[in-house]
Amino acid sequence: MGTSAERAASNTDYYTRGDALPGIWVDGMDVLAVKAATSFARDYVTKNGPIVMETFTYRYSGHSMSDPGTSYRTREEIQEVRQKRDPITSFKEKILELGLLTQEEVKAIDVKVKKEIDDAAAKAKADVEIPLEELYTDIYSTCLEPKLRDCVGYNQAHRVLNKGPYKMYNIDECPSHSAKISKEMGIKYLRDMMLIRRMENECSNLYKSKLIRGFLHLCVGQEAVNVGLHAAMRPEDHLITAYRSELAGREAGCSRGKGGSMHMYAPKFYGGNGIVGAQVPLGAGVALHEKILNKKGVCFALYGDGAANQGQIFEAYNIAHLMKLPVIFVCENNQY
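The structure displayed is predicted, hence computed values, not measured ones.

This part takes up the overall build of the protein. Of the regular secondary structure elements, the protein holds nine helices and nine strands. Relative to the globule expectation of 20 Å for 336 residues, the C-alpha radius of gyration of the protein, 20 Å, shows essentially globular dimensions. Along the first, second and third principal axes, the C-alpha atoms of the protein reach 55 × 55 × 40 Å. Expressed as a percentage of contacts within the protein between residues at least 6 apart in sequence, the contacts between residues at least 24 apart total 75%. Distance between charge centroids for the protein: 2 Å, based on 43 positive and 42 negative side chains.

Burial runs high along strand 2 (residues 51–56): five of the six residues are buried. Regarding topology, helix 2 (residues 31–48) serves as the crossover connection from strand 1 (residues 23–27) to the parallel strand 2, and that connection is right-handed. Where strand 2 lies against strand 9 (residues 327–333), six bridges are found, and the strand directions are parallel. Counted as the bridge partner of Met 53 is Val 330 from strand 9.

In total, this model carries 15 salt bridges according to the counting rule given. The partner of Asp 119 in a salt bridge is Lys 115, with the nearest N and O atoms 2.8 Å apart. Highlighted residues: Asp 119 and Lys 115, both in helix 5 (residues 103–126), separated by four residues, approximately one helical turn. A relative accessible area of 52% means that Lys 115 is categorised as exposed. Across the pair Asp 237 and Arg 234 runs a salt bridge whose closest N-O atoms are separated by 2.8 Å. The exposure class of Asp 237 is buried, given its relative accessible area of 3%.

On to helix 2. Between its first and last C-alpha atoms helix 2 spans 25 Å; for 18 residues at 1.5 Å apiece the expected length is 26 Å, and the two agree. Across the 18 residues that make up helix 2, a large majority, 13, are buried. At the exit of helix 2 stands Gly 49, carrying a positive phi of roughly 105 degrees.

The next point concerns the side chain of Glu 290. Along the polypeptide, Glu 290 turns up in helix 8 (residues 279–292). In this structure, Glu 290 is buried with no salt-bridge partner, the nearest side chain bearing the opposite charge being Lys 295 at 4.8 Å. A distance of 3.0 Å separates the side chain of Glu 290 from the backbone nitrogen of Gly 297, its partner in a polar contact. In this structure, Glu 290 is in contact with Glu 236, His 238, Lys 295, Lys 296, Gly 297 and Pro 326, ignoring residues within four places of it in sequence.

All right, on to the environment of Pro 165 then. Among the secondary structure elements, Pro 165 is positioned in the loop between strand 3 (160–163) and strand 4 (166–169). In this structure, the C-alpha to C-alpha distance between Pro 165 and Thr 12, residues 153 residues apart in sequence, is 18 Å. What Pro 165 contacts, discounting residues up to four positions off in sequence, is Trp 25, Val 26, Asp 27 and His 177.

The subject of this paragraph is the packing of helix 5 against helix 6 (residues 183–208). At a minimum axis separation of 9 Å, helix 5 and helix 6 run at an interaxial angle of 40 degrees. Overall, the two elements helix 5 and helix 6 adopt an arrangement that is oblique. The two elements helix 5 and helix 6 meet at a crossing, and its hand is right-handed. Counting all contacts with helix 5, which are made through Glu 105, Val 106, Ile 109, Asp 110, Val 113, Lys 114, Glu 116, Ile 117, Ala 121 and Lys 125, the residues of helix 6 involved are Lys 183, Ile 187, Leu 190, Arg 191, Met 194, Leu 195, Arg 198, Met 199, Glu 202 and Leu 206. Among the residues making up the contact of helix 5 with helix 6, the classes are represented as 11 nonpolar, no polar and nine charged.

Definitions and cut-offs
Residues numbered from 1 in each chain as written. Predicted model: local features only at pLDDT ≥ 70, side-chain atom pairs only at ≥ 80, totals over all residues. Heavy atoms only, no water. Helix = DSSP H or I, 4+ residues; strand = E, 2+ residues; numbered from the N terminus. Rg over C-alpha atoms; globule rule 2.2 N^0.38 Å. Contact = heavy atoms within 4.5 Å. Lys, Arg positive; Asp, Glu negative; His and termini not counted. Charge placed at Lys NZ, Arg CZ, Asp CG, Glu CD. Buried < 20%, exposed > 50% of the residue type's maximum accessible area, 1.4 Å probe, protein only. Right-handed = clockwise from strand over helix to strand, strands pointing away. Pairing = 2+ DSSP bridges. Salt bridge = Lys/Arg side-chain N within 4 Å of Asp/Glu carboxyl O. Expected span 1.5 Å × (residues − 1). Polar contact = N/O pair within 3.5 Å; in protein donor to acceptor, adjacent residues only side chain to side chain. Axes fitted to C-alpha atoms, helices over the stretch in contact; angles between N-to-C directions. Parallel < 35°, antiparallel > 145°, perpendicular 65-115°, else oblique. Left-handed = near helix turned anticlockwise from the far one by under 90°. Nonpolar A, V, L, I, M, F, W, Y, C, P; charged D, E, K, R; others polar.

This is how it looks when you write it as structure tokens:
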């Protein structure tokens, strides 16, 4: 099911593929760099309109549980990334070197995270499945009519600048090259990445034991992208993505077990679209809502390199640029 990005696209510099849109490339294995790039992009789109942000990361597992992930890359490559670029190990070493945490404190965080995941897994195993009649009930919401339009000129001049840990496309500014981090921030970022890693590994176990059925797509190795993005988001911002839902399909789930493998929603989070890349134009629509109502939020529209060739993504780029929508198109490039 998976293949290398080079076999799927003639141009794998995804941050440049918005054409007239400016772009930014960031090391997706560095949580602090992702946070800085996200803060920069958020402030930029609020004033200037859309931007494409590529987070260059790596996925240890295959595309899904049915994909071994080693038919198009070697086990040695995966192991080398684990040893040299793992986002959790790298961040852990950084905060230990800075003296923000001790080895004992790091171990204590991991123990708490493991217990939290173990408790959640036990609850999922013990919970009941929803009654069949509940599958036929739906929830609907009203829509707002568009009230404004706007457009900007087309700029055919393209330029790429390498600035420290970032690559900038059609934009002269860049995020800060340095980051300030407190002990509290270090604890939170490390704990969140550990929690995601533990969660993914436990999901793999639950899938193998057939408690999770259907599809399962893991993101082991991409934790810094998730944590770095969220660290820079504000309460008024929105996020739309593709996969993940309640997994076990139990009554205690956030959608009472009806989310399936791809449909989950929460305030300002519009997660789960079964069609590859379908969430991207919807994210542009969320940004249009913010502009129509003169609100201050921006929308983060996430997709992977596997979806980057979908036509609707380029259509979303175009309309977002024409209307100067406050949307950040985030391509999580895990290279496969």
